[in-house]
Amino acid sequence: MWWEKTIEYLFVVTYLNRESLMAPLDGNCEAGGDLVASHDDKWVLIEFKRNAGAIDDEVKKFAEPSEDSFNEAKFLLGDDDGHHLLVFGEKGCSEPIELKACSYFRHQAVEPDGVLGCGVSQEKFNRYLSDFLRFKLGEAEEGSGGRSLDYSTVIAVNSNGEVTHCEGLIRYCAQMSLGPDLGPDPAPTRSRSAPYLGR
């Protein structure tokens, strides 16, 4: 038995250069919407799933009516999902967990070691992501939370195959001003007009 975080960790330690993720990228700090990846880097969106069975749960995570929203998104974006990948685990023969990967809508198989080579330009990536979020989240209100995006990671890879940018989808969207506010739901506050009933 394993979880999404197990799959994410296994992918990171297997396929990403850990030194590039721990050190400041090129010594630059991110400021506002400026990302450290260069203009010719290729961008990949990876969603981590516990196993193949968890992939079918994606339909339920789309805006209501979820099946309609998913099918509309698949119709519009399905032919362009080669950079949007699902990475999941399967019981292995020689290892306890074997990583598998496929494209998001078409479920076209991709070798896990080829995932980082599936990227597209940031302009195309952002256009796809904006449309995808519209279908997935609908007309979400501010602070609606990005819980269904918790195991989604944005990665940029340069022409040498080196990772130049890696972060969670929620943070990436906030920096790029894509989609609704995906921050956590605000904590409930006591109304000023309500009397305090504490002891």
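Look above for the structure.
Computed from a predicted structure; not experimentally measured.

Rules used in this analysis
- Residues numbered from 1 in each chain as written.
- Predicted model: local features only at pLDDT ≥ 70, side-chain atom pairs only at ≥ 80, totals over all residues.
- Heavy atoms only, no water.
- Helix = DSSP H or I, 4+ residues; strand = E, 2+ residues; numbered from the N terminus.
- Expected span 1.5 Å × (residues − 1).
- Buried < 20%, exposed > 50% of the residue type's maximum accessible area, 1.4 Å probe, protein only.
- Arc of directions from axis to C-beta.
- Contact = heavy atoms within 4.5 Å.
- Polar contact = N/O pair within 3.5 Å; in protein donor to acceptor, adjacent residues only side chain to side chain.
- Salt bridge = Lys/Arg side-chain N within 4 Å of Asp/Glu carboxyl O.

A. Highlighting the environment of Leu-133. Residue position: Leu-133 is located in helix α4 (residues 122-137). Sequence-wise, Leu-133 and Cys-173 are 40 residues apart; in three dimensions their C-alpha atoms are separated by 9.7 Å.

B. Molecular detail of helix α3 (residues 66-77). Taking 1.5 Å per residue as the helical rise, α3 with its twelve residues ought to reach 16 Å, and the 16 Å between its terminal C-alpha atoms agrees with that figure. Three or more residues of α3 are buried, namely Ser-66, Ser-69, Phe-70, Ala-73 and Leu-77. The buried residues of α3 all sit within an arc of 100° when viewed along its axis, so they share a single face. Turned more than 90 degrees away from the buried face of α3, the exposed residues are Glu-67 and Phe-75. Packed against the buried residues of α3 are α4.

C. Main features of the side chain of His-83. Counting through the fold element by element, His-83 comes out in the loop between α3 and β2 (84-91). A distance of 3.3 Å separates a polar side-chain atom of His-83 from the backbone oxygen of Asp-80. Non-local contacts of His-83, meaning those with residues more than four positions away in its chain, are made with Trp-43, Val-44, Leu-45, Cys-118, Gly-119, Val-120, Phe-125 and Tyr-128.

D. Summary view of the pattern of salt bridges. As enumerated under the stated definition, the model contains eleven salt bridges in all. Between Glu-8 and Lys-5 there is a salt bridge whose closest N-O contact spans 2.9 Å. Of the two residues, Glu-8 and Lys-5 both sit in helix α1 (residues 4-15), three residues apart, roughly one turn of that helix. A relative accessible area of 48% means that Lys-5 is categorised as partly exposed. With a closest N to O distance of 3.2 Å, Asp-131 and Arg-134 form a salt bridge. In this pair, Asp-131 and Arg-134 both sit in helix α4, three residues apart, roughly one turn of the helix. Residue classification places Asp-131 among the partly exposed positions, given a relative accessible area of 23%. According to the relative accessible area criterion, Arg-134 is partly exposed, its value standing at 41%. Via salt bridges that share partners, Glu-47, Lys-49, Glu-58, Lys-61 and Lys-136 belong to a single interconnected network.

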